[in-house]
Amino acid sequence: MWKRRIVAFLILVVAVGIGYFVYTSEPKISGQTHTGFLNKPFRLGLDLSGGTQLVYRADVSKIEPQDVGTQMGSLRQVIENRILDSKKFKGVSEAVVRTQAANFSNGNEERLTIELPGITDIAEAVSVIGQTTTLEFKVERNKDEAIPVTIGEDGNVNLGAIEQYVSSGLDGSYLKRADATFDQTTGLPTVSITWNDEGSKLFAEITKANVGKTIAIYLDGAIISAPNVNEEITGGQAVISGSFNIKEAKELKDKLNFGRLPVPIELVSTSNIGATLGAVATDAGVKAGVIGFIAIALFMILWYRLPGVIAVLNLAIYVAIMLAIFKLWPVTLTAAGIAGFIISLGIAVDANILVFERMKEEVAHGGTIRDGLTAGFSRAWTSVRDSNVSSLITAFILYATGTALIKSFAFTFFMGTLISLIVAYSVSRRFFGSISLGREGKLAQFLFGSGFKNAKIVIKS
Amino acid sequence: MYIIKHKKIFIIVSVFLTLAAILSMVIFGFKPGIDFKGGTSIEVSWQDSSRPEVELLNTTLKSLPDAPEILIQPLGSNSFVLKMHEINPAQREGLSSFISSSYPGMSVVGYTTIGPSVGKELARKSIMSIILVSLGIVIFIAIAFRKVSYPVKSWKYGIVAIGTLLHDVIIPTGIFVALSHFYNIEIDTLFVVSILTILGLSVSDTIVVFDRIRENLRSKNNGNFEETVGKSINEVYQRSIATALSVILALIALAIWGPDSTRLLAIMLTAGMFFGTYSSIFLASPLLVLWQQKANNNKKML
């Protein structure tokens, strides 16, 4: 008996630990922010956090079929980088960029989905994503040229910004290809640029005119290197050497190649959820969950008495485990996902109910409550299993075929059904094992009764 | 057993409700939403209670030159969801400023534009999931009832289970279609989810009842088939009702206090859970007994 009680006590300690983890890792509830392991707030979908979703169709008609996968991969990379680099999206750490390969259900379209939590201005989002990285080759400013001077409203004289370099007319639009290469002599990583025909001519002219000077290479308005021109370059090739390592060289190559997107994209769907709307939905979901829990708990305790109390304890442990899973997995919670979880609260007590009812029958057929409990757990198993299999099948198929919204519902529903089974059979059983029923007198009969009846024990002769 | 004795009444009630639901589907019809056909939906909200009446807003919107046809769907007490064919951002801005100039205090809280190709994808995926879930459930029923059991053949349990399942899905769908007619609701992906979840939930309940019938048939000290079924129902109905009640309690909380977007899902599932439990006690077993009696009578006549 004491061994069982210690096990039951340990389960409670672990459950409280899980509950505390859920509490403390949620800054909005505990008011604490953590780093490392405890930095695990719930991941909310766009409908709860507010934000923007953009769905693009990629035009892969000009790409060889075997290259589509890689090209879509680089497209995702470029867009991710653009979002990360964009100053407008500072703080959007949770942006998600997904590609979806062509398949039967989407009508053989390659798609790209971008989710930007917290961003509400679609036009801005579209402009950042659709922007092209600008590559410019600039030449040194003619030193004889006058510096523009303006007189400000306050009467001060402003010297125009002295730009060391001026535009040469050569930019990324003339680029044919960029490759990461190694310098033949030094062995250092470099990036070589191949111009198209027009670009080659322009580049030759520019280099001819600027022998002995530097040419600055600008990327998105920032100078990345300013190599010296030693002679006119006619082969249509330029090499950017700088003090970069292999990784940086590859990144630069990508940026240059992707100045244009590797695959042209077209916006097909947009969705925008205001932050307030998301917050209202989140609050409503939490409120419904809490009320649902209390309602089920009251019902279970009033109807099933002591076993009901244990079922509620069970349910609380189930909730703690599920919430911890949501955080650790991590599961993106949407309104539909929360709905799936709330419904699973009701289903989670089903295994307990099946066992209790079975126990009552065993007791009615003659036997002690203890016998009834043991028999209840073992004999109810087939019913418990069968009554959950069909829900699991449905949830699994919904998850496999569904869209993001459906997946979220299916996932919480599936996990909920599965975890509740495990909890009922591993935790509930141990709690019952730890209760002393004494001589199973009137009190025990009352406590183990249900509805309006007490458990009647037939004394076996 | 009361239920078995009066089985015909319960079967008639179920048949009547199913027919009414089918009638409601025929009369009101299904309106596919922008999820499936593509289009724009805008959620607008008013502060306090200054939201105009649906008819009023409708008339105002019609006065807008080249206004798209707009479906106004009330949401909560302060908001409307406006649904129309796909419009561009400029048109959307125009529309929202037009509404807010006529009915001040309005703000756009969210909007979605679904392209026709994405809509087609959602429709295809929904159809695919409906087919696969139905197939999965039928296979599950076949496996659950593969063992031959005297005096009723296994496949009869399967057929009755599927019939009950149709009953459980058709009635909530009929209710949904009627609701959708009066509240301008269109069919969306969550509707499909709710139908499929009902499939999963309702079949499990029927199977628990049937399992018990077979278990009791195996032990010899029972009376005839009718009595065994009656006894089995007696043994399991408390569990069915207790489980259904706890799920329905959760669903009601979700319907009343939960997010607007899942309200209809919760209502659908409540109806599904209610009729699913009703049917596993009051329909599935009586049908089984009725079928068995008919079969016996035929044998006698031969």
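Chain A goes by Protein translocase subunit SecD in an unreviewed UniProt entry. You can read under Subcellular location (unreviewed entry) in the UniProt record for chain A the words "Cell membrane". We quote the UniProt Subunit (unreviewed entry) comment for chain A here in full: "Forms a complex with SecF. Part of the essential Sec protein translocation apparatus which comprises SecA, SecYEG and auxiliary proteins SecDF. Other proteins may also be involved."

Q: So what exactly am I meant to see when it comes to the overall build of chain B here?
A: For chain B, the count of helices and strands is 10 helices and 4 strands. The order of helices and strands in chain B, counted from the N terminus, is α-α-α-β-α-β-β-α-β-α-α-α-α-α. Principal-axis analysis of the C-alpha atoms gives chain B an extent of 80 × 35 × 30 Å. Counting every position in chain B, which comprises 302 residues, the buried fraction comes to 49%.

Q: Please clarify how the nonpolar core should be interpreted in this entry.
A: Soluble globular proteins tend to bury their nonpolar side chains together. By size, the foremost hydrophobic cluster in this structure holds 155 residues, and its most contacted members are L315(A), A339(A), I342(A), A250(B) and L251(B). Broken down by element, this core gets its largest block of residues, 23 residues, from helix α8 (residues 275–328) of chain A. Those residues in contact with A250(B) that sit more than four places away from it in its chain are G292(A), I296(A), I342(A), I343(A), L345(A) and G346(A). With 29 residues, the next largest nonpolar core counts L54(A), I114(A), A125(A) and L261(A) among its residues.

Q: In this structure, what is going on with the interface of chain B and chain A? I would like to understand it.
A: Many descriptions give the size of an interface as the accessible area lost when the pieces come together. With 60 residues of chain B in contact, the opposing surface of chain A contributes 62 residues. Residue assignment for the side of chain B that touches chain A shows that the elements contributing at least two residues are β4 (106–114), α6 (116–144), α8 (189–218), α9 (225–257) and α10 (263–301) of chain B. In terms of residue count, α6(B) provides more of the side of chain B that touches chain A than any other element does, 15 residues in total. Taken together, the residues that form the side of chain B that touches chain A break down as 33 nonpolar, 17 polar and 10 charged. Relative to β4(B), strand β14 (residues 265–273) of chain A runs antiparallel, the two sharing 4 bridges. Its bridge partner lying in β4(B), T270(A) is registered against T113(B).

Q: What should I look at first to understand the domain arrangement of chain B in this one?
A: Residue and element names in this part refer to chain B. For chain B, the domain assignment lists domain 1 (2–33 + 118–301) and domain 2 (39–114). With centres defined by C-alpha atoms, the gap from domain 1 to domain 2 works out at 39 Å. Taken together, the 7 residues of domain 1 in the interface contact 8 residues of domain 2. Of the residues belonging to the side of domain 1 that touches domain 2, the class tally is 3 nonpolar, 2 polar and 2 charged.

Q: Teacher, can you tell me more about the UniProt feature "transmembrane region" (unreviewed entry) in chain A here?
A: All names here are of chain A. UniProt's entry tags residues 284–304, 311–329, 335–356, 389–406 and 412–432 with the feature "transmembrane region" (unreviewed entry), counted in the numbering of this structure. Regarding residues 284–304, the helix share stands at 100% and the strand share at 0%, and the terminal C-alpha atoms are separated by 29 Å. Annotated as residues 335–356, this span is 100% helix and 0% strand, and its ends, taken at the C-alpha atoms, are 33 Å apart.

Q: Would you mind showing me how to read the sheet that holds strand β5 (residues 135–140) of chain A here?
A: Residue and element names in this part refer to chain A. The strand order across the open sheet built from 4 strands is β8-β5-β11-β12, with neighbouring strands paired in antiparallel fashion. In this open sheet, the two edge strands, each paired with only one partner strand, are β8 (165–171) and β12 (222–225). Each adjacent strand pair in this sheet contributes to an overall mean axis angle of 45 degrees, direction not counted. Where helix α6 (residues 197–209) meets the sheet, it contacts β5, β8 and β11 (215–219), and its direction lies at approximately 150 degrees from that of β8.

Q: Any chance you could explain the domain arrangement of chain A here in plain terms?
A: If you check the domain split of chain A, you get domain 1 (2–42 + 274–447), domain 2 (51–121) and domain 3 (135–257). Taking only C-alpha atoms into account, the centre of domain 1 of chain A sits 64 Å from that of domain 3 of chain A.

Q: How should I be thinking about the environment of S204(B) in this particular structure?
A: Residue position: S204(B) is located in helix α8. For the pair S204(B) and T277(B), spaced 73 residues apart in the sequence, the C-alpha separation amounts to 9.8 Å. If we skip the residues at most four places from it in the chain, S204(B) touches D386(A), S387(A), N388(A), S390(A) and S391(A).

Q: Whenever I open this one, the pairing of strand β4 (residues 110–117) of chain A confuses me. Can you help?
A: Two faces, one strand: in a regular strand the side chains alternate between the faces of the sheet. Residues and elements named next belong to chain A. Most of β4 is tucked away: 7 of the 8 residues are buried. Relative to β4, strand β2 (residues 51–58) is paired through 8 bridges, and the arrangement is antiparallel. By the bridge assignment, G51 is partnered in β4 with P117. Here strand β3 (residues 96–100) runs beside β4; their pairing, made up of 5 bridges, is antiparallel.

Q: In this structure, what is going on with the confidence of the model for chain B? I would like to understand it.
A: For residues with low pLDDT, the predicted coordinates do not support detailed interpretation. Residues and elements named next belong to chain B. Scored by pLDDT, chain B has a mean of 87; 97% of the residues are at 70 or more. Mean pLDDT across the elements of chain B ranges from a minimum in helix α1 (residues 2–5), with 80, to a maximum in helix α2 (residues 7–28), with 93. Interface predicted TM-score (ipTM) for the complex: 0.89; the corresponding pTM is 0.79.

Q: Is there a simple way to explain the packing of α8(A) against helix α12 (residues 404–433) of chain A in this structure?
A: Relative placement of two packed helices is described by the angle separating their axes and the distance separating the axes. Residue and element names in this part refer to chain A. The interhelical angle for the contact between α8 and α12, taken along N-to-C directions, is 135 degrees, at an axis separation of 9 Å. By the angle between their directions, the pair α8 and α12 is classed as oblique. Judged by the twist between their axes, the crossing of α8 over α12 is right-handed. Contacts between α8 and α12 involve I310, A311, L313, N314, I317, Y318, I321, M322 and I325 from the first element and M415, G416, I419, S420, V423, A424, V427, S428, F431 and F432 from the second. Along the lines of polarity and charge, the residues of the contact of α8 with α12 split into 15 nonpolar, 4 polar and no charged.

Reading the values: the criteria
All chains use their own residue numbering, which begins from 1 and follows the written sequence. Written order decides the labels, with chains lettered from A and ligands numbered from 1. For this predicted model, a pLDDT threshold of at least 70 governs which residues receive local features, and a threshold of 80 or more governs which side-chain atom pairs are given and counted, while totals over whole chains, interfaces and linings are taken from all residues. UniProt positions are given in the numbering used here, feature names are shortened, and annotations may be inferred rather than shown by experiment. A run of H or I in DSSP counts as a helix once it spans at least four residues, and a run of E counts as a strand once it spans at least two, with each numbered from the N terminus. Labels follow a simple rule on C-beta atoms placed from the backbone: if 20 or more others lie within 10 Å of a residue's own, it is buried; if 12 or fewer, it is exposed; otherwise it is partly exposed. Buried Ala, Val, Leu, Ile, Met, Phe, Trp, Tyr and Cys residues form a nonpolar core when they are connected through C-beta atoms within 7 Å. Contact definition: two residues whose C-beta atoms, as placed from backbone geometry, lie within 7 Å. Any residue outside Ala, Val, Leu, Ile, Met, Phe, Trp, Tyr, Cys, Pro, Asp, Glu, Lys and Arg is labelled polar, Gly included; the first ten of those are nonpolar and the last four are charged. Strand pairing is defined by DSSP finding a minimum of two bridges between the two strands. The start and end points of each domain follow an automatic or database-based domain assignment. An axis is simply a line fitted to the C-alpha atoms; with a helix, the fit covers only the stretch in contact. Between two such axes, the angle follows the N-to-C directions and lies from 0 to 180 degrees. Residue-level confidence of the predictor is what pLDDT reports, using numbers from 0 through 100. Roughly parallel means an angle under 35 degrees; roughly antiparallel, over 145; roughly perpendicular, 65 to 115; everything else is oblique. Left-handed is the label given to a crossing in which the near helix is rotated counterclockwise from the far helix by less than a right angle, and right-handed is the label when the rotation is clockwise.

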